[in-house]
Amino acid sequence: MPVFDSDKDFLEIFENKLKPSHESDPKPLSKNNLINKHGVPVLDAQPQNESHSGDDEKEDFETLLNEYYKSQTSNPLKIKKPDPVPLKKRLKRYPPVEVELDLHGFRAIEAQVKVESFIQTCKHQGFFTIRIIVGKGLHSDEGPVLPDVVEDAIQKMKSRDLVIWHEWDRKKKSKSGALIVYLKQFDQFD
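The structure presented is a predicted model; accordingly, all values stated were derived computationally and were not measured.

Description of the overall build of the chain
Phase 1 of the analysis: Each helix and strand counted, the chain has five helices and six strands in total.
Phase 2 of the analysis: At a minimum sequence separation of 6, the contacts of the chain that also span at least 24 residues come to 59%.
Phase 3 of the analysis: Put simply, the chain shows about 15,900 Å² of open surface, and 53% of that area lies on carbon and sulfur atoms.

What about the pattern of salt bridges?
Phase 1 of the analysis: This model, assessed by the stated rule, comprises three salt bridges.
Phase 2 of the analysis: Notably, a salt bridge pairs Lys 184 with Asp 161, separated by 3.0 Å at the nearest N-O pair. Highlighted residues: Lys 184 in the segment after β6 (178-183) and Asp 161 in the loop between α5 (146-159) and β5 (163-168), separated in sequence by 23 residues.
Phase 3 of the analysis: A residue is classified by how much of its surface remains accessible, and Lys 184, at 7% relative accessible area, is buried.
Phase 4 of the analysis: Ionic contacts of the salt-bridge type, sharing partners, join the residues Glu 100, Arg 131 and Asp 169 into one network.

As for the environment of Asp 152
Phase 1 of the analysis: Along the chain, the position of Asp 152 falls in helix α5.
Phase 2 of the analysis: Asp 152 sits in the partly exposed class, given a relative accessible area of 48%.
Phase 3 of the analysis: Taking C-alpha positions, Asp 152 is 8.6 Å from Gln 112, a pair spaced 40 residues apart along the chain.

Here we look at unusual backbone geometry
Phase 1 of the analysis: The backbone phi angle of Asp 161 is positive, close to 70°, even though this residue is not glycine.
Phase 2 of the analysis: By relative accessible area, Asp 161 is classed as partly exposed at 43%.

Quick notes on the environment of Asp 148
Phase 1 of the analysis: Checked against the element boundaries, Asp 148 lands in helix α5.
Phase 2 of the analysis: Sequence separation between Asp 148 and Ala 108 is 40 residues, and the spatial gap between their C-alpha atoms is 9.3 Å.

Overview of the layout of surface pockets
Phase 1 of the analysis: When its volume is computed, the largest pocket comes out at roughly 350 Å³.
Phase 2 of the analysis: Lining the largest pocket we find 18 residues, and of these Gly 105, Phe 106, Gly 137, Ser 140 and Leu 146 sit closest to its centre.
Phase 3 of the analysis: Of the residues that constitute the lining of the largest pocket, the class distribution is eight nonpolar, seven polar and three charged.

What counts and what doesn't
- Residues numbered from 1 in each chain as written.
- Predicted model: local features only at pLDDT ≥ 70, side-chain atom pairs only at ≥ 80, totals over all residues.
- Heavy atoms only, no water.
- Helix = DSSP H or I, 4+ residues; strand = E, 2+ residues; numbered from the N terminus.
- Contact = heavy atoms within 4.5 Å.
- Areas by Shrake-Rupley, 256 points an atom, 1.4 Å probe, with all protein chains shown as cover.
- Salt bridge = Lys/Arg side-chain N within 4 Å of Asp/Glu carboxyl O.
- Buried < 20%, exposed > 50% of the residue type's maximum accessible area, 1.4 Å probe, protein only.
- 1 Å grid on protein atoms, 1.4 Å probe; cavity = no way out; pocket = protein on both sides within 12 Å on 5 of 7 lines; lining within 4 Å.
- Points joined across faces, edges and corners; volume = space filled by probe spheres on them.
- Nonpolar A, V, L, I, M, F, W, Y, C, P; charged D, E, K, R; others polar.

What is shown is where atoms sit, not what they do.
See the structure below:
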């Protein structure tokens, strides 16, 4: 809708629009001054009556494509393997203790066999966090034997890649009578 001054009468403008004016004869369209239906000059117009063959464009496209591929260096994509998740972050994701093994009353060799069997069984059953209660050795005549034996057995299991980490329940071996063991269930994060 055109914008009018407040002084002009709408009726006059519409009447003038309806009257044919001979002043504005359309200019003959040439190749250089084509105008579209909105009155905007067209810059790159191809005349409608000229026949256009797609062979030229196809050949041009093929040559351009070939030139592009030749200019590209053969640099295959190098997919960087993501960095492994740090151990502390992995251990935070582990659930609390799921299963316990109490070794009170066992002798050293019995405890070692029991621990190895228990860890392998828990790994196959899909447990992540286990607790092994060894006791503090307060009722033993020779002192605490099981903590050292069980810790050595867990170290062997760690070297066989069954255990990720182990720690004493109260962070100190002398104050604690139990070990928390984190089993390795997923190889993809290493």
